[in-house]
Amino acid sequence: QVQLVESGGGLVQPGGSLRLSCAAPGSIFSISTIGWYRQAPGKGRELVARITSGGTTIFTDSVKGRFTISRDNAKSTVYLQMNSLKSEDSAVYYCNALGPKYEYWGQGTQVTVSS
């Protein structure tokens, strides 16, 4: 069973920052597209950002200019740096690893933006 290990969620005030981490097994990391999704209460899961094995990134419009995504191949880890956080960013954030014949999800980490 492949495990994606997420960390870095928590409570932060509006305008603050958090960095989420997603560690994947080295056997799949180098060939996987790694994405961060989020799901707020009563809403569907949406793609926030993702990065391909080659380093190409995409972001949903609502986070452009505030979030960045990067990957450290030596540590088999992807980071989602979230700046200028807003209350509407509050959600459970999930890491996703997508490959030629597989797709895995992490367990989710809660991000709450509140004063």
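Preceding block: the structure.
Read on for a plain summary of the structure. (Residues numbered from 1 in each chain as written. Predicted model: local features only at pLDDT ≥ 70, side-chain atom pairs only at ≥ 80, totals over all residues. Heavy atoms only, no water.)

**Overview of the pairing of strand β11 (residues 109-113)**
Reasoning step 1: Covered by surrounding structure in β11 are Thr-109, Val-111 and Val-113 only, the residues Gln-110 and Thr-112 on the alternate face being uncovered.
Reasoning step 2: With three bridges joining them, strand β2 (residues 10-12) and β11 adopt parallel strand pairing. By the bridge assignment for β11, Gly-10 is matched with Val-111.
Reasoning step 3: Where strand β9 (residues 91-99) meets β11, three bridges bridge the pair, whose relative direction is antiparallel. Counterpart to Val-92 in the pairing with β11 is Gln-110. (Buried < 20%, exposed > 50% of the residue type's maximum accessible area, 1.4 Å probe, protein only. Helix = DSSP H or I, 4+ residues; strand = E, 2+ residues; numbered from the N terminus. Pairing = 2+ DSSP bridges.)

**Notes on the pattern of salt bridges**
Reasoning step 1: Using the criterion set out here, one finds four salt bridges in the structure.
Reasoning step 2: Across the pair Glu-46 and Arg-38 runs a salt bridge whose closest N-O atoms are separated by 2.7 Å.
Reasoning step 3: Under the relative-accessibility criterion, Glu-46 is labelled partly exposed at 32%.
Reasoning step 4: On the accessibility criterion, Arg-38 (6% relative accessible area) is buried.
Reasoning step 5: Note that Arg-66 is salt-bridged to Asp-89, the shortest N-O span being 2.7 Å. With Arg-66 in the loop between β6 (57-59) and β7 (67-72) and Asp-89 in the loop between β8 (77-82) and β9, this residue pair connects regions lying 23 residues apart in the sequence. For the residue pair Arg-66 and Asp-89, the accessibility class agrees, reading buried in each case.
Reasoning step 6: Beyond isolated ion pairs, a larger network of salt bridges with shared partners links Arg-38, Glu-46, Arg-66 and Asp-89. (Salt bridge = Lys/Arg side-chain N within 4 Å of Asp/Glu carboxyl O.)

**Side note on the sheet that holds strand β1 (residues 5-7)**
Reasoning step 1: Overall, antiparallel pairing links the four strands, which are arranged β1-β3-β8-β7 in an open sheet. Bordering the open sheet on either side are β1 and β7, each of which pairs with just one other strand. Across the sheet, the mean angle separating the axes of adjacent strands is 15° when strand polarity is ignored.
Reasoning step 2: Bridge count for strand β3 (residues 18-23) against β8 is six bridges, and the pairing is antiparallel. Counted as the bridge partner of Ser-21 is Tyr-79 from β8. (Axes fitted to C-alpha atoms, helices over the stretch in contact; angles between N-to-C directions.)

**Points about the state of the cysteines**
Reasoning step 1: Scanning the model with the defined rule gives one disulfide in all.
Reasoning step 2: Put simply, Cys-22 and Cys-95 are joined by a disulfide, and their sulfur atoms are 1.8 Å apart. Note on the Cys-22 and Cys-95 pair: the S-S dihedral is about -70°, so by sign convention the disulfide is left-handed. Remark: Cys-95 occurs in strand β9 and Cys-22 occurs in strand β3; sequence separation between them is 73 residues. Comparing Cys-22 with Cys-95, the two get one shared label, buried. (Disulfide = S-S within 2.5 Å.)

**Structural notes on unusual backbone geometry**
Reasoning step 1: We note that Ser-76 has phi near 50°; this positive angle belongs to a residue other than glycine.
Reasoning step 2: Here Ser-76 shows up in the loop between β7 and β8.
Reasoning step 3: A positive phi is found at Ser-84, a non-glycine position, where the angle reads about 50°.
Reasoning step 4: Note that Ser-84 resides in the loop between β8 and β9.
Reasoning step 5: Look at Ser-84 and you get partly exposed, because its relative accessible area is 41%.

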